[in-house]
Amino acid sequence: MLPEKLLKEFRSAFGMDPICHDTEKGTCIFEQNEYIVIKTNGVLIAQFKDDESSYGDILSFYAKKAGLLSPAERDIEKILRSMFVNLIVLTEVEDRYGFSHSQRVAKIAEGFAMYLNMKPEEVEDLKNHALLHDVGKIAIEQLMLYSPTRLRTFETHYEDHPTMGTIYLSIHESLWRYIPTVRNHHEKWDGTGFPDKLKGTDIPYFARIIAILDYYDEVTNFVSADWDSEIKTPKQAINEIKRMAGTFFDPDLVNKFVEFMQTVHKIEV
């Protein structure tokens, strides 16, 4: 147990109680012999005198060891993420309802995450990953503005955008958790995608989800030489996703996505 004031600050900072069922597993923080103790997998990594003026430093140290964002880092993450999302939306083409590609992918990601029974914080997290998945295209869009052959420039640099996105998000540690999705949402289940040729479950889970949702939105809203010469109906898009299960997409996630579209969006396939 922690001192009452530190417990309140912990709850305020991380939105949860410092529950530690087993001090031999994970990262735990608790009071012991008038010290605030932090252990990772049973190993003592720090102990602090119970000094209220040090509570902020204690929680920041705990956050780093437990893979959490401190309150200050969370504020920075929110500001930087909002900045990037605004830039992404500004450079994307809006549909007749005023939504851009990344906004639509984020919306369907939110619904799909709820269908998968993710926790509320995981739903919000997947939504944010979806909003940022094409952050690397900002560079390409700017490059095209000054290119006399804009389409050729886009074709030449298209596969660079996951790498560019990785570079953007590396500017601050609070954004690093989005990098696996941004970098790997164009990997394919059979290992023929880009940029890292990852295969199967080596592809990060959120990236595998975004790959399906990204494709669905692309082919139902844009004419793309990569996929077809005409916009597909939702039914056609879902049938194509089913066809590419096990080669392009995670087959288990495809089955769940098809069920989601049938159950929630009432699309017959």
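Every residue gets a number counted from 1 within its own chain, in the order that chain's sequence is written. pLDDT decides what is reported in this predicted model: residues at 70 or higher carry local features, side-chain atom pairs at 80 or more are listed and counted, and totals for whole chains, interfaces and linings draw on all residues regardless. The basis for every side-chain value is the complete set of non-hydrogen atoms in the structure, without hydrogens or water.

Draft legend 1. Molecular detail of helix α2 (residues 55–66). The end-to-end C-alpha separation of α2 is 16 Å, in line with the 16 Å expected for 12 residues at 1.5 Å each. Note on exposure labels: buried denotes an accessible area under 20% of the residue type's maximum, exposed denotes more than 50%, and partly exposed covers the range between, all computed with a 1.4 Å probe on protein chains only. Starting at the N terminus, helices and strands are each numbered in turn, a helix being any DSSP run of H or I of at least four residues and a strand any DSSP run of E of at least two. When α2 is considered as a whole, its buried residues turn out to be Tyr-55, Ile-58, Leu-59, Tyr-62 and Ala-63. Angularly, the buried residues of α2 cover 135° about the axis, an arc narrow enough to put them on a single face. For α2, the exposed residues set more than 90 degrees away from the buried face come down to Asp-57 and Lys-64. As for α2, its buried residues are in contact with α1 (4–14), β1 (27–32), β2 (35–40) and β3 (43–49). Phi turns positive, to about 75°, at Gly-67, one or two residues after α2. Multiplying one less than the number of residues by 1.5 Å gives the expected span of a helix. Taking the helix axis as origin, the arc is that swept by the directions to the C-beta atoms. Contacts are assigned to residue pairs that have any heavy atoms within 4.5 Å of one another.

Draft legend 2. Structural context of the pattern of salt bridges. By definition, a salt bridge exists where a carboxyl oxygen of Asp or Glu is found within 4 Å of a side-chain nitrogen of Lys or Arg. Counting across every chain of the model gives 16 salt bridges. Residue Asp-134 pairs with Lys-137 through a salt bridge whose shortest N-O separation is 3.4 Å. Summarising the burial analysis for this pair, Asp-134 and Lys-137 share the class buried. Connected through salt bridges with shared partners, the residues Glu-77, Arg-81, Asp-125 and Arg-177 form a single ionic network.

Draft legend 3. Structural detail: the environment of Leu-169. For Leu-169, the position within the fold is in helix α8 (residues 161–169). Separated by 85 residues in the primary sequence, Leu-169 and Phe-84 have C-alpha atoms spaced 9.1 Å apart. Ignoring anything within four residues of it in the chain, the contact list for Leu-169 reads Phe-84, Val-135, Leu-175, Trp-176, Tyr-178, Ile-179 and Val-182.

Draft legend 4. Representation of empty space enclosed by the protein. For cavity detection a 1 Å grid was placed over the protein atoms alone, and a set of points counts as a cavity when a 1.4 Å probe fits there but cannot get out; an open set counts as a pocket when protein lies on both sides within 12 Å along at least five of seven lines, with lining residues being those that have an atom within 4 Å of a point. Grid points are joined across faces, edges and corners, and a volume is the space filled by probe spheres set on the points. Here the structure, examined in full by the defined rule, presents 1 cavity of 30 Å³ or more. The calculated volume of the largest cavity comes to roughly 40 Å³. Lining the largest cavity are Glu-187, Trp-189, Ile-203, Arg-208, Ala-211, Phe-248, Phe-249 and Asp-250. Class assignment for the residues of the lining of the largest cavity results in 5 nonpolar, no polar and 3 charged. In the scheme used here, Gly and all other residues not listed as nonpolar or charged are polar, with Ala, Val, Leu, Ile, Met, Phe, Trp, Tyr, Cys and Pro taken as nonpolar and Asp, Glu, Lys and Arg as charged.

Draft legend 5. Broad picture of the packing of aromatic side chains. For this analysis, a ring pair means two rings from Phe, Tyr or Trp (six-membered ring only for Trp) whose centres lie within 6.5 Å, classed as stacked if their planes differ by under 30 degrees, edge-to-face if by over 60, and tilted for the remaining angles. One pass over the full model with this rule turns up 13 aromatic pairs. Taking the centre distance of 6.3 Å and the plane angle of 40° together, the rings of Tyr-205 and Phe-206 count as tilted. Plain terms: the ring middles of Phe-248 and Phe-249 are 6.1 Å apart, the flat faces sit at 70° to each other, and that makes the pair edge-to-face. Taking the relative accessible area as the measure of exposure, Phe-248 reaches 23% and is therefore partly exposed. The buried category is assigned to Phe-249, whose relative accessible area is 5%. Counting every residue linked through ring pairs, the aromatic cluster contains Phe-112, Tyr-115, Tyr-216, Phe-257 and Phe-260. The side chain of Lys-188 reaches across the aromatic face of Phe-248, ending 4.0 Å from its centre. To sit over a ring, a charge needs its Lys NZ or Arg CZ within 6 Å of the ring centre and within 35 degrees of the ring normal.

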